[in-house]
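Results of the structural survey
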Amino acid sequence: ASLPGAAHPLVPSDHLLHGYSAASEWKLVSRTQEAITLGLDYPGDSPVERITRTIRPIDGQPGLEVCVEIRARRRCVRPFGFHPNFALCGAPGSFRIEPGPYRFGLTHPVAEPAARAEPDRRFTTLADVVVKAGGSERFDRLPFADDREDILQLCGIEGGVHLVDEHDRVAWDLSWDTAKLPSCLLW
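First things first, this report covers the structure right here in the doc. Remember, it's a predicted structure, so these values are computed and weren't measured experimentally.

Below, the discussion takes up the overall build of the protein. Across its full length, the protein holds one helix and 14 strands. Principal-axis analysis of the C-alpha atoms gives the protein an extent of 50 × 45 × 30 Å. Residue burial in the protein is summarised as follows: out of 187 residues, 28% are buried. Sequence-distant contacts in the protein: of pairs separated by 6 or more residues, those separated by 24 or more amount to 47%. In the form shown here, the protein has an accessible surface area of approximately 12400 Å², with 53% of it arising from carbon and sulfur atoms.

What follows is the structure, encoded as structure tokens:
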């Protein structure tokens, strides 16, 4: 598939694995009792000028609100992802992934040696994903008992994802504007 015209020309910072924002050092913009703001200026040849991330507690709730602002120098098309990472310290299967409704799921389109899922396959539930060895397995309970690295995409997701860590006895609710970011990538 070809990229839209606004995706070109690509500049050196566009070729970094996971993008410039993942490979660069962010600077503290401001810190108050209510919020912390971090910023990252992009190289002068990039169509992206700056990314700013503000993190603040949700008043009266055990939660955080994270806002990301992307400022561009000129019209462009670039991928963007924002994700939390979770330490999986418990026994196999002690971390549950409970996504909101989604239209369908996809396995990674390319066969990767460390992946167990059959490449380029659709699925309807994380509890039943086709694997290369034949049959299907659950991908909604982590950590896995074996060493693997799979990437799954939940397409057309509504409402976000509920996560339960039975080992640490904590749960998280992740939500975002699914009208603007309609997929969830699990890695």
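Glancing now at the sheet that holds strand S7 (residues 122-123). The four strands are arranged S7-S6-S11-S14 in an open sheet whose pairing can be described as antiparallel. Each edge of the open sheet is held by one strand with a lone partner, namely S7 and strand S14 (183-186). Sheet topology note: the strand S11 (residues 152-155)/S14 ladder contains four bridges and is antiparallel. If you follow Leu154 over to S14, its bridge partner there is Cys184.

As a further point, take the nonpolar core. The tendency in soluble globular proteins is for nonpolar side chains to be buried as a group. Ile97, Phe123, Leu126, Phe139, Leu152 and Leu154 are the most contacted members of the largest nonpolar core, which totals 17 residues. Sorting the residues of this core by element identifies strand S5 (95-99), S11, strand S12 (161-165) and S14 as the ones contributing at least two each. If near-sequence neighbours (up to four positions away) are discounted, Phe139 is found in contact with Ile97, Ala117, Leu126, Val129, Val131, Phe144, Arg148, Asp150 and Leu152. Among the nonpolar cores identified, the runner-up in size contains six residues, and Tyr20, Leu40, Tyr42 and Val48 belong to it.

What follows covers the sheet that holds strand S3 (residues 48-57). The pairing of strands in a sheet comes from backbone hydrogen bonds and takes either a parallel or an antiparallel form. Spatial ordering of the open sheet is given by S1-S2-S3-S4, a layout of four strands whose pairing is antiparallel. Edge positions in the sheet fall to strand S1 (27-31) and strand S4 (64-72), since each of these pairs with one other strand and no more. Across the sheet, the mean angle from the axis of one strand to that of its neighbour is 20°, orientation sign disregarded.

Analysis parameters
- Residues numbered from 1 in each chain as written.
- Predicted model: local features only at pLDDT ≥ 70, side-chain atom pairs only at ≥ 80, totals over all residues.
- Heavy atoms only, no water.
- Helix = DSSP H or I, 4+ residues; strand = E, 2+ residues; numbered from the N terminus.
- Buried < 20%, exposed > 50% of the residue type's maximum accessible area, 1.4 Å probe, protein only.
- Contact = heavy atoms within 4.5 Å.
- Areas by Shrake-Rupley, 256 points an atom, 1.4 Å probe, with all protein chains shown as cover.
- Pairing = 2+ DSSP bridges.
- Core = buried A, V, L, I, M, F, W, Y, C linked by side-chain atoms within 4.5 Å.
- Axes fitted to C-alpha atoms, helices over the stretch in contact; angles between N-to-C directions.

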